Amino acid sequence: MSTLPVRVPTQFSIIAHRGASAYAPENTLAAFRLAERMGATEIELDVQFSRDRQLVIVHDETLDRYGYPSLASADLTWTELQTLDMGSWFSPYLYRGEQMLRLDQLFQIFRNRFIYHIELKTPSLDLPQAVLTCVDNFGLNANAIITSFHFDLLIRVRALAPQQRVGWLLKTGEFTNENITRAANAGFFQICPIARETTLDLVTRAHQLLPVRAHTVKGLDDMRQALETGCDGLTINWPDWLIHGSP
Ligand code: G3P
Ligand code: CA
């Protein structure tokens, strides 16, 4: 597995993590467009509320990393958030002026061209309904997988929309037999461990109940581990490292 891209079966989910975020500022239109140009058919993105309850696509709750110390997305209105330059922190030469997106804007642009792995980032109890309504408005239910580290929010998604696919994001130390059973009993569609924590034994055990999609791929070794332990997909900042099909 030394040359890139690595070939994987067509059913393996190659999910551009926050878009093609190794090459363009995460969660922006530039990153999602680049992911599409790289052949990705699945993207991951992070959703939280702005102060005026708009669904905004941004990972961090505070905006320090993007060049705005002491600002937080939940404290700003959409009108304020959309004036921020979300590209210069990544590269002022290539991406100055890249704007934050709302979830509905993303759907409006890409429609059913992607499978959307939508992470409910903050523990707000209203987030599941708001996201489901947005997904529903665009008729994208079959194209959406709602994910979160917040187990309770996923239970809420299941209660509000029993048909909606849900993936549980696990933190360090959480990929256990107990949690595999817990996810299956909750009716979740998939379980999402950290790539570094996947093992052949655990993935095989999980496959008796549900698919396994890995996350936190920090480099080639993590990607290889997820592939070699039999995971069904992964989020990756370098979607061009993988390609579907046989040579
Ligand atoms: O694929 C899930 C992954 O996105 C979760 O971690 O911190 O990148 O949102 P994070
Ligand atoms: Ca995420």
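Please refer to the structure higher up on the page.
Cut-offs applied
- Residues numbered from 1 in each chain as written.
- Chains lettered and ligands numbered in written order.
- Predicted model: local features only at pLDDT ≥ 70, side-chain atom pairs only at ≥ 80, totals over all residues.
- Heavy atoms only, no water.
- 1 Å grid on protein atoms, 1.4 Å probe; cavity = no way out; pocket = protein on both sides within 12 Å on 5 of 7 lines; lining within 4 Å.
- Points joined across faces, edges and corners; volume = space filled by probe spheres on them.
- Helix = DSSP H or I, 4+ residues; strand = E, 2+ residues; numbered from the N terminus.
- Nonpolar A, V, L, I, M, F, W, Y, C, P; charged D, E, K, R; others polar.
- Salt bridge = Lys/Arg side-chain N within 4 Å of Asp/Glu carboxyl O.
- Buried < 20%, exposed > 50% of the residue type's maximum accessible area, 1.4 Å probe, protein only.
- Near = heavy atom within 4 Å.
- Polar contact = N/O pair within 3.5 Å; in protein donor to acceptor, adjacent residues only side chain to side chain.
- Areas by Shrake-Rupley, 256 points an atom, 1.4 Å probe, with all protein chains shown as cover.
- Sits in = over half its atoms within 2 Å of the grid points.

Participant: Help me out: how do you make sense of the layout of surface pockets in this one?
Facilitator: To find the voids left in a structure, one rolls a probe of water-molecule size over its atoms. Of the volumes computed, that of the largest pocket is approximately 260 Å³. Taken together, 19 residues make up the lining of the largest pocket; nearest its centre are H17, R18, H215, T216 and T235. If you list the elements that add at least two residues to the lining of the largest pocket, you get β3 (42–49) and β11 (233–236). The residue makeup of the lining of the largest pocket, split by class, is five nonpolar, seven polar and seven charged.

Participant: Honestly, the pattern of salt bridges in this entry has me stumped. Any pointers?
Facilitator: A side chain with one charge can pair with a side chain of the opposite charge if their charged atoms come near. Applying the stated criterion across every chain, the model contains 12 salt bridges. Between D46 and R18 there is a salt bridge, and its shortest N-O distance comes to 3.9 Å. With D46 in strand β3 and R18 in the loop between β2 (13–17) and α1 (29–37), the pair connects residues that are 28 residues apart, well separated along the chain. With relative accessibility at 0%, the residue D46 sits in the buried group. With a closest N to O distance of 2.7 Å, E36 and R113 form a salt bridge. Pair noted here: E36 is in helix α1 and R113 is in the loop between α4 (103–110) and β6 (115–120), with a separation of 77 residues, a long-range link. Overall, the relative accessible area of 27% leaves E36 in the partly exposed class. A relative accessible area of 40% means that R113 is categorised as partly exposed. Each of the salt bridges in this network shares a partner with another, and the network as a whole consists of R18, E26, D46, D60, R65, E119 and K121.

Participant: Explain the site of ligand 1 to me, please; I cannot follow it from the model alone.
Facilitator: Around ligand 1 sit H17, R18, E44, D46, H59, E119, K121, F149, L169, R213, H215 and T235, and those are all the residues in its vicinity. Between an oxygen atom of ligand 1 and a side-chain N or O atom of E44, the distance comes to 2.8 Å. In this structure, an oxygen atom belonging to ligand 1 sits 2.9 Å away from a side-chain N or O atom of E119. Protein contact buries 90% of the 290 Å² of open area that ligand 1 shows by itself. With respect to the pocket detection grid, ligand 1 is positioned in the largest pocket. Among the residues making up the shell around ligand 1, the classes are represented as two nonpolar, four polar and six charged.

Participant: Would you mind going over empty space enclosed by the protein with me for this structure?
Facilitator: Under the defined criterion, the tally for this structure stands at one cavity of 30 Å³ or more. Taken as a whole, the largest cavity spans an internal volume of roughly 60 Å³.

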